[in-house]
Amino acid sequence: MRLTRVSTGIEPGPDPGPGARGRGGPSPLRRPPLDPGRVLRRTRVAALLAAALTVAGLAAAGPAAPRATAASTAVPAAAAATAGDVTGFTRSGNTFTVTASSGAKARVVIARADIFRLWLSPDGAFTDDPAGSALAPTTDFGSVDASFTDAGPYYRITTGALNIRVNKAPLRFSVYRADNTTQIWRESRPTSWSGTRTTQYLARGADEQFYGTGLRLGEWALRDKTVPVAVDNKWRENDNASPAPFYMSTNGYGVMRNTWAPGSYGFNAPTTLTHDETRFDGWYFTGDSLKSVLDAYTDVSGKPFMAPVWGFELGNADCFNASNPEYQGDHGRPRHQTTPDVAGYAADARAADMPSGWFLPNDGYGCGYTAPLKSTVEALKAKGFRTGLWTSTGLDSLADEVASAGVRGVKTDVAWIGSGYRYAFNGVQQAVDGIEKNSDARRYVWTVDGWAGTQRNAVVWTGDTHGTWDDMRWHVPAITGAGLSALNYASGDVDGIFGGSPETYTRDLQWKAFTPAFMTMSGWGAANPRAGYQDKQPWRFAEPYRSINRAYLQLKMRLMPYLYTMSRVAHESGVPSTRAMVLEYPDDPVARGNLTSGQFMAGDSFLVAPVVSDTSVRDGIYLPAGTWTDYWTGRVHTGPGWLNGYRAPLDTLPLFVKGGAIVPMWPRMNHSGEKPVSTLTYDIHPRGNSSFSLYEDDGLTRAHESGAFARQRVAVTAPTTGSGTVTVSVGAPTGDYTGKPASRGYEFSLHLASPPGAVTADGAALTRLASKGAYEAAATGWFFDPADRAGVLWVKTGTKSGAFTVSATGTSVPQAGPVPAAAPAPLPHESRTGPGARHRVDGLG
């Protein structure tokens, strides 16, 4: 047995101090850590959210007394200085330099018509640039047409998209659209600085809303909130687990402060934006929508990475080398004595028919791993699992662990959490390099401390949380809101790492199955607090929990091509897979605010409304304009409006499908590659005209970066209401990649209200089959099942290699019923677990 202990290869940051924490705090399985300078004892401070909802559905007000931190403490006005009046204005290329009476200078650098940098230097020198290109690696977008004029009270810098005004007395900035009339943002008073802090003050619009600041642990609409942009590693509500010095506004702009310094953003009137440094440096992004702002932001800071396909599957982390003398937990843990013991857990998962894709069999707390690592990696791979390592001590061994042993994932942890900022950022980059410089694999790194730009390198997660209903409640907006900072892969340990119960585990896993990345964390939860609850692995539960876990994991595997495509959208545009309602419905005043923070869109088709209390009834589900089909029953609703009293027993996640949705699905399997996708199913909810572009690649390597991928466009035309013809036009896959099938079978499940008169494929009639059994046995044909979710037309076309069309004539789309336009008083959530709390498992996947 060999314990691997290595150095980080990164200069350590300052001592994080007594408030820093990492995994290894009080629990039945943990003793005080060996390295108190890096892993310090935990403290838990509960926080309650006080919310007051505005009439227009704007954000809830933040806590009445925000947490006092160095970053949020107000600077006395007398201690602050400003630039003064403008005394000079010059241009060099697309850099405009402003000189002020105090000796301060400002630079406006036009990078693109919609992107510019604003840099204010109190001492007039532009030499202090601590972030360099780390946060903004791409700033050269070619030539841009820019000009300036002296407009009397201000200088005006003009691009094709913007007018930037430089007010002369005193120096203040404002930005307008191309019409020079529509204001985007305006400094209400000059930016000020003291010896330790710089603050910008912006006028706030009457209904302006704000989003961003990274993985904030709580509601994502930020108007009237003061948000720390700082690492504290407390991981409780209203903290910031992976802060990002970025926010965006419904006025159509976003800004990333080009700094490693912590800060605090007060989205009040005026809006105050503070960082702990005597300089101001920000990149501004403008657009006609929140999505376009995210696109511009990630053009500069980096697009979200494209995870390997197995990274979308459930991961499991634990120590399987507990007999190691230096391990800080329970040395006698059964089936966790040496690293190869993890193969037994992999066998259990497969024996339980339980989807799962990867293990981290080393938790870093003195656990290490048993040499040789390679044999464990190979044993897991034989069962369809990839292997990662969880390090608290360093990354210097990654070259051998990746190249020789076959490791493909890294979870950075306590070696970085105390310091955060650049230190954590560099640790993630070292992990990325360890994977990509020693294999053809893609990066797959998890970090507990992110910053702006982390979206291009890592999954962020919510830290050391608890398996409670209350933690689950604020996790929904936290993980959803992370996408508003372009963090496509944001997660929290299923049911936390402390405490938990079969009920909270099952509910938590349900909704997280609709996010790109998720993981269980074993070893800290209570050992067998009740029968059938062990290790927080989904297969180590008694019934009915085990079957419900299985059903949702199977459903996620079936939805893999859809979720993978949505993450490709994120990779190309910065728009996340897990979307706050405002991203899809920016003009809906309800969707703009925290009235919808307890639900989200999984891609563009699924509306997910998690159950986060001990109840079998879900209230307050908001359905925006359009039609929404209950995934389980087929009942169709017309929004906008509210659903209260929705029956949601433990096996039912409230889930709705948008009218017109086209959802690609794999055959049922327990891990990617278990079987070929010999038949691809398109699950379709016809309603008017809609389309979907499926994205596929080899799922493992970086060849997609060189264009090795394929797309397939599917378009549907259907009546908006009533009867008519439904036509599905399937395009030929375009592009190529290793493993691309030359042809494959196709199946369609079309949600319709009545059987068609005929179904054709490229004009040739398909056979109507008399039963679902006959349909399943046939190679081609169709069957209408009126009992399947209020009506499903099943169609098989057989194997196809090129484009083709399927038409169903003489059918009708389901009739939609309205939901109440205004939110009724919510029903009580207490004691909803009586006889009505049945469990439905059959047919879930």
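### Observations concerning unusual backbone geometry
Residue Pro-372 is bonded to the preceding Ala-371 through a cis peptide linkage, with omega at -5°. Secondary-structure assignment places Pro-372 in the loop between strand E20 (358-360) and helix H3 (373-382). Here the amide bond leading from Gly-639 into Pro-640 is cis, since omega sits at 10°, within 30 degrees of zero. Along the chain, Pro-640 falls in strand E34 (residues 636-643). Phi is positive for Asp-762, which is not a glycine, with a value near 50°. With respect to the helices and strands, the residue Asp-762 is situated in the loop between strand E44 (758-761) and strand E45 (764-765). At Arg-789, a position not held by glycine, the phi torsion is positive, near 50°.

### Comments concerning the pairing of strand E8 (residues 162-167)
Of all six residues in E8, six are buried, a share of seventy percent or more. Side chains of E8 alternate between two faces, with Leu-162, Ile-164 and Val-166 and Asn-163, Arg-165 and Asn-167 buried alike. As defined by bridge partners, strand E7 (residues 154-158) adjoins E8 across five bridges and the pair is classed as antiparallel. Across the sheet, residue Tyr-154 finds its bridge partner in E8, namely Asn-167.

### Things to note about the nonpolar core
Within the largest apolar cluster, 126 residues are counted, with the highest numbers of intra-cluster contacts made by Phe-514, Phe-606 and Phe-748. Sequence-distant contacts of Phe-606, that is, excluding residues within four places in its chain, are made with Phe-514, Leu-559, Tyr-562, Phe-600, Met-601, Tyr-631, Leu-655, Phe-656, Val-657 and Val-663. In terms of nonpolar packing, the next biggest core, distinct from the first, is built from 71 residues, Ala-221, Ala-230, Met-256 and Trp-260 among them.

### As for the sheet that holds strand E21 (residues 386-391)
Pairing is parallel across the open sheet formed by eight strands, whose spatial order is E26-E24-E23-E22-E21-E20-E19-E28. Here the strands that pair on one side only, and so sit at the sheet edges, are strand E26 (490-491) and strand E28 (519-521).

### Let's talk about the environment of Thr-652
Considering the arrangement of structural elements, one finds Thr-652 in the loop between strand E35 (646-647) and strand E36 (655-658). In this structure the C-alpha to C-alpha distance between Thr-652 and Arg-507, which are 145 residues apart in sequence, comes to 8.9 Å. In this structure the side chain of Thr-652 is engaged in a polar contact, spanning 3.0 Å, whose partner is the side chain of Asp-651.

### What about the pairing of strand E6 (residues 147-150)?
The two faces of the sheet receive side chains in turn, since in a regular strand these alternate between them. For E6 and E7, the ladder comprises four bridges, and the chain directions are antiparallel. Counterpart to Ser-147 in the pairing with E7 is Thr-158. The loop that links E6 with its antiparallel partner E7 comprises three residues; one of these, Gly-152, has a positive phi angle of about 90°.

### Description of the sheet that holds strand E43 (residues 744-751)
If you walk across this open sheet you meet the five strands as E37-E38-E43-E47-E46, and the pairing is mixed. Looking along the sheet, the strands with just one partner apiece sit at the ends: strand E37 (662-665) and strand E46 (781-785). Along the sheet, successive strands turn relative to each other by an average axial angle of 20°, direction set aside.

### With respect to the packing of aromatic side chains
Evaluation of the coordinates by the stated rule reveals 48 aromatic pairs. Ring geometry for Tyr-247 and Tyr-265: centres 5.8 Å apart, planes at 70°, overall edge-to-face. Of this pair, Tyr-247 sits in strand E14 (residues 240-249) while Tyr-265 sits in strand E16 (residues 263-266), and the two are 18 residues apart along the sequence. Given a relative accessible area of 1%, Tyr-247 falls into the buried group. Centroid distance Tyr-562 to Phe-692: 6.1 Å. Interplanar angle 25°. Geometry classified as stacked. Of the two residues, Tyr-562 sits in helix H9 (residues 560-573) while Phe-692 sits in strand E39 (residues 689-696), which places them 130 residues apart along the sequence. Residue classification places Tyr-562 among the buried residues on the basis of a relative accessible area of 0%. Residue Phe-692 is classed as buried on the basis of its relative accessible area of 6%.

### Topic: H9
Along an α-helix, a turn takes 3.6 residues, which lines up residues three or four apart on a common side. Its 14 residues give H9 an end-to-end C-alpha distance of 20 Å, which sits within 8% of 20 Å, the value for a rise of 1.5 Å per residue. The buried fraction of H9 is high, at twelve of 14 residues. Considered for burial, the residues of H9 that qualify are Met-560, Pro-561, Tyr-562, Leu-563, Tyr-564, Thr-565, Met-566, Ser-567, Arg-568, Ala-570, His-571 and Ser-573. Gly-574, located one to two residues past H9, shows a positive phi value of around 85°.

### Some thoughts on the environment of Pro-538
Counting through the fold element by element, Pro-538 comes out in the loop between E28 and helix H8 (545-558). Spatially, the C-alpha atom of Pro-538 lies 8.4 Å from that of Ala-349, the residues being 189 residues apart in sequence. Setting aside its immediate chain neighbours within four residues, Pro-538 contacts Leu-314, Asn-316, Met-354, Tyr-505, Leu-509, Thr-520, Arg-546, Asn-549 and Leu-553.

### Let's talk about the state of the cysteines
Working definition of a disulfide: a covalent bond connecting the sulfur atoms of two cysteines. Under the counting rule described, the total for this entry stands at one disulfide. Paired by a disulfide, Cys-319 and Cys-367 hold their sulfur atoms 2.1 Å apart. Linking Cys-319 and Cys-367, the disulfide has an S-S dihedral of approximately 90° and is accordingly described as right-handed. Residue Cys-319 is located in the loop between strand E19 (315-317) and helix H2 (342-351), and its partner Cys-367 is located in the loop between E20 and H3; the two are separated by 48 residues in the primary sequence. Per residue, the accessibility class of Cys-319 equals that of Cys-367, and both read buried.

### Focus: the pattern of salt bridges
A complete count under the given rule lists 32 salt bridges for this structure. Note that Asp-299 is salt-bridged to Arg-112, the shortest N-O span being 2.9 Å. Residue Asp-299 is found in helix H1 (residues 290-301), and its partner Arg-112 is found in strand E4 (residues 105-112); the two are separated by 187 residues along the sequence. Judged by its relative accessible area of 21%, Asp-299 falls in the partly exposed class. Since its relative accessible area comes to 23%, Arg-112 is described here as partly exposed. A salt bridge links Arg-236 to Asp-471; its shortest N-O distance comes to 2.8 Å. Of the two residues, Arg-236 is situated in the loop between strand E13 (226-229) and E14 and Asp-471 in helix H6 (residues 469-482); the sequence distance between them amounts to 235 residues. Taken together, the salt bridges that share partners define one network made up of Arg-112, Asp-114, Asp-295, Asp-299 and Lys-303.

### Here we look at the confidence of the model for the protein
Confidence along the protein averages 88 in pLDDT terms, with 86% of residues attaining 70 or more. Note that residues 1-78 has pLDDT below 50 and, in this model, 208 contacts with residues that lie over four places away or in other chains. In the model, residues 828-845 has pLDDT below 50 throughout and makes 42 contacts with residues more than four positions away in sequence or in other chains.

### A few points about the side chain of Asp-785
By the secondary structure assignment, Asp-785 is in strand E46. Excluding anything up to four places from it in sequence, Asp-785 contacts Gly-791 and Val-792.

Thresholds applied
Residues numbered from 1 in each chain as written. Predicted model: local features only at pLDDT ≥ 70, side-chain atom pairs only at ≥ 80, totals over all residues. Heavy atoms only, no water. Helix = DSSP H or I, 4+ residues; strand = E, 2+ residues; numbered from the N terminus. Buried < 20%, exposed > 50% of the residue type's maximum accessible area, 1.4 Å probe, protein only. Pairing = 2+ DSSP bridges. Core = buried A, V, L, I, M, F, W, Y, C linked by side-chain atoms within 4.5 Å. Contact = heavy atoms within 4.5 Å. Polar contact = N/O pair within 3.5 Å; in protein donor to acceptor, adjacent residues only side chain to side chain. Axes fitted to C-alpha atoms, helices over the stretch in contact; angles between N-to-C directions. Phe/Tyr/Trp six-rings, centres within 6.5 Å; stacked < 30°, edge-to-face > 60°. Expected span 1.5 Å × (residues − 1). Disulfide = S-S within 2.5 Å. Salt bridge = Lys/Arg side-chain N within 4 Å of Asp/Glu carboxyl O. pLDDT = per-residue confidence, 0-100.

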